[in-house]
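An overview of the molecular structure
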Amino acid sequence: MNRPSPLLLDSVAVAMALLDVWAHWDIHEPLRMACGLGAALALLLRRRHPLLTFFLTLPSVLLSDAVFACLAALYTLASLGRPRTLLVVGALAFAFSDITALPSANLDLTRKSALIAFGYSAATAAAAVFLGQLVQTRRDLSLRLAEISEARDHQQLLTAQAALAKERAQLAREMHDVVSHQVSLIAVRAGALQVGTGDPDTKEAAATIRRLSVQTLDELRHMVGVLRASGGNPTDLTPQPALTDIQRLADNCGIETELRMALPEGLPPTVQRAVYRTVQEALTNTRKHAPGATARIDLFQTNGSVHVRVTNTAPTQPPLPLPGAHHGLIGLRQRAELLGGTMTSGPTGDGGYEVRVVLPAEAAG
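Cut-off values and rules
Residues numbered from 1 in each chain as written. Predicted model: local features only at pLDDT ≥ 70, side-chain atom pairs only at ≥ 80, totals over all residues. Heavy atoms only, no water. Helix = DSSP H or I, 4+ residues; strand = E, 2+ residues; numbered from the N terminus. Buried < 20%, exposed > 50% of the residue type's maximum accessible area, 1.4 Å probe, protein only. Contact = heavy atoms within 4.5 Å. Areas by Shrake-Rupley, 256 points an atom, 1.4 Å probe, with all protein chains shown as cover. Expected span 1.5 Å × (residues − 1). Phe/Tyr/Trp six-rings, centres within 6.5 Å; stacked < 30°, edge-to-face > 60°. Core = buried A, V, L, I, M, F, W, Y, C linked by side-chain atoms within 4.5 Å. Salt bridge = Lys/Arg side-chain N within 4 Å of Asp/Glu carboxyl O. Patch = residues over 30% accessible without salt bridge, like charges linked within 9 Å, V, L, I, M, F, W, Y side chains within 5 Å. Pairing = 2+ DSSP bridges. Axes fitted to C-alpha atoms, helices over the stretch in contact; angles between N-to-C directions. Polar contact = N/O pair within 3.5 Å; in protein donor to acceptor, adjacent residues only side chain to side chain. Parallel < 35°, antiparallel > 145°, perpendicular 65-115°, else oblique. Left-handed = near helix turned anticlockwise from the far one by under 90°. Right-handed = clockwise from strand over helix to strand, strands pointing away.

1. Side note on the overall build of the chain
Looking only at helices and strands, the chain has 10 helices and 5 strands in total. Of all 365 residues assigned to the chain, the portion counted as buried reaches 35%. For the chain, long-range pairs separated by at least 24 residues make up 67% of all intrachain contacts whose partners lie at least 6 apart in sequence. Here the chain has roughly 21,800 Å² of accessible surface; of this, 61% comes from carbon and sulfur atoms.

2. Observations regarding unusual backbone geometry
One non-glycine residue with positive phi stands out, namely Asn 303, at about 55°. Following the sequence through the fold, Asn 303 ends up in the loop between strand 2 (295-302) and strand 3 (305-312). Looking at Asn 303, the relative accessible area reads 78%, which means it is exposed.

3. Quick word on helix 3 (residues 50-63)
It helps to recall that an α-helix has 3.6 residues per turn; residues three or four apart then point in one direction. Between its terminal C-alpha atoms helix 3 stretches 21 Å, which fits the 20 Å expected from 14 residues at 1.5 Å a residue. Among the residues of helix 3, Pro 50, Thr 53, Phe 54, Thr 57, Leu 58, Ser 60, Val 61 and Leu 63 are the ones counted as buried. In the core, the buried residues of helix 3 are packed alongside helix 2 (30-42), helix 4 (68-79) and helix 5 (84-98).

4. What to know about the packing of aromatic side chains
A complete count under the given rule lists 1 aromatic pair for this structure. Aromatic pair Phe 54 and Phe 55: ring centres 6.0 Å apart, planes at 55°, arrangement tilted.

5. Quick notes on the nonpolar core
Ranked by size, the top nonpolar core spans 30 residues in total, and within it Val 275, Val 279, Leu 283 and Leu 299 carry the most contacts. The leading source of residues in this core is helix 9 (residues 269-289), at 7 residues. Residues contacting Leu 283, with those up to four places away along its chain left out, are Leu 249, Ala 250, Cys 253, Ile 255, Thr 257, Ala 295, Ile 297 and Val 310. Core analysis: the second largest hydrophobic core is formed by 24 residues, Val 14, Val 67, Leu 77 and Ala 91 among them.

6. Section: the pattern of salt bridges
Enumeration over the complete set of coordinates arrives at 6 salt bridges. The salt bridge involving Asp 245 is made with Arg 248; its shortest N-O contact spans 2.9 Å. Here Asp 298 makes a salt bridge to Arg 309, at a shortest N to O gap of 3.6 Å. Of this pair, Asp 298 sits in strand 2 while Arg 309 sits in strand 3, and the two are 11 residues apart along the sequence. Salt bridges here are not isolated pairs; linked through shared partners, they connect Arg 296, Asp 298 and Arg 309.

7. Points about helix 2
The terminal C-alpha atoms of helix 2, which comprises 13 residues, lie 18 Å apart, in line with the 18 Å expected from a rise of 1.5 Å per residue. Here helix 2 has its buried residues at Met 33, Cys 35, Gly 36, Ala 39, Ala 40 and Ala 42. In this structure, the buried side of helix 2 is in contact with helix 1 (6-23), helix 3 and helix 4.

8. Digging into a nonpolar patch on the surface
Where nonpolar side chains cluster on the molecular surface, the patch consists of Leu 8, Val 12, Met 16, Leu 19 and Trp 22 and spans about 540 Å² of accessible area. Tracing the backbone shows Trp 22 in helix 1.

9. Looking at the sheet that holds strand 2
In space, the 5 strands of this open sheet follow the order 1-2-3-5-4, with mixed pairing throughout. Edge strands, defined here as strands with exactly one partner in the open sheet, are strand 1 (257-262) and strand 4 (342-347). Neighbour-to-neighbour, the strand axes of the sheet open up by a mean angle of 10°, direction not taken into account. When strand 4 meets strand 5 (residues 353-360), the two strands line up antiparallel, connected through 6 bridges. Note on strand 5: the bridge partner recorded for Ser 345 is Val 355. Across the sheet, helix 9 is in contact with strand 1, strand 2, strand 3 and strand 5; its angle to strand 3 comes to roughly 10°. Each of strand 4 and strand 5 touches helix 10 (residues 328-338); the most contacted strand, strand 4, lies at about 150° to it.

10. Digging into the side chain of Asp 245
Here Asp 245 shows up in the loop between helix 7 (200-228) and helix 8 (246-251). Among the polar contacts listed, one links the side chain of Asp 245 to the backbone nitrogen of Ala 242, at a separation of 2.9 Å.

11. Regarding the packing of helix 3 against helix 5
Running from N to C, helix 3 and helix 5 point in directions that differ by 20°, and their axes come no closer than 8 Å. In terms of axis orientation, helix 3 runs roughly parallel to helix 5. Regarding helix 3 and helix 5, the two cross each other, and that crossing is right-handed. Two secondary-structure elements touch here, helix 3 through Leu 51, Phe 54, Leu 58, Val 61 and Leu 62 and helix 5 through Leu 86, Gly 90, Ala 93, Phe 94, Ser 97 and Asp 98.

12. What about the pairing of strand 2?
With 6 bridges connecting them, strand 1 and strand 2 associate as parallel partners. Opposite Arg 260, over in strand 2, you have Asp 298 as the bridge partner. Regarding the hand of the β-α-β motif, the stretch spanning strand 1, helix 9 and strand 2 is left-handed. Judged from the 8 bridges that link them, strand 2 and strand 3 form a sheet pairing that is antiparallel. Bridging from a neighbouring strand, Ile 297 pairs with Val 310 of strand 3. Between the end of strand 2 and the start of strand 3, which pair antiparallel, lie 2 residues, with Asn 303 showing a positive phi angle near 55°.

Spelled out as structure tokens, the structure:
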């Protein structure tokens, strides 16, 4: 369902405000009519400058009976999530302005009629505020539901990749146990035949068999390494991520991120993949569990060790429970330990969270 464009909504609001002015038109009171017209035109600024628009429309309530423009400005102020104290003050200002008749102000709330009029005006302003807050809450809820749906899809993808990695590891073990053992025997027997025979043709055939067997073993080891690799694409074998991909990861993670990378070139591929996966998992957790937070990534090498530190600030929005198997940090710790490193994580003093990984720079590639 297509939503109306903001320009169309603003045009309707201005038209309604002008209709309100026309309904209370009095040619003998030009100042009041000018305030009403000015308030109607001020609604064109309500999206960019909602607070200023409210102040510009308030004189129309104070000097005339055209109140629609001010109510529309108050609704816009509430729909953009302004502090509730400001909204209460705005509603009270509307109510006092509505029951005050300038230039001869006659406000006496001790009178029953004045008190009833004030209550009616305050209720009208409160209705505009509540409607704006309802729209703002609905907008936030839609965004959070979209984030939950995205997180669920991402978790399903990770689950599928984990299942694929498990199957690859199982297949790799079977290939290693069955095929490589038989091919090794063929290579050994061919080598023995090559040394023990005196026939040139037999010696050449044995050498060929041994050479092909060794080549087959090399290719088999390469295939086993591919099958054991984690994080692969389920459909094709794409190149594994490296340090050069971290900047693109930070730019496209969906949160405000500061990257400081001071790592030398030529690090082993396994270390580069571990650094990338650590940053990826930390940013994913920040987006899921700390809405509105910013992240900082520090990558550097000291004393022969590669340090990865990803820190996020405290969330600016209340986090919602998101689906997850809670295996991300466990996987990072296992990856770091396999490379001879360490991984620690925990909350920071300012309400944020930090993930720190230390890896030996000369880990086996």
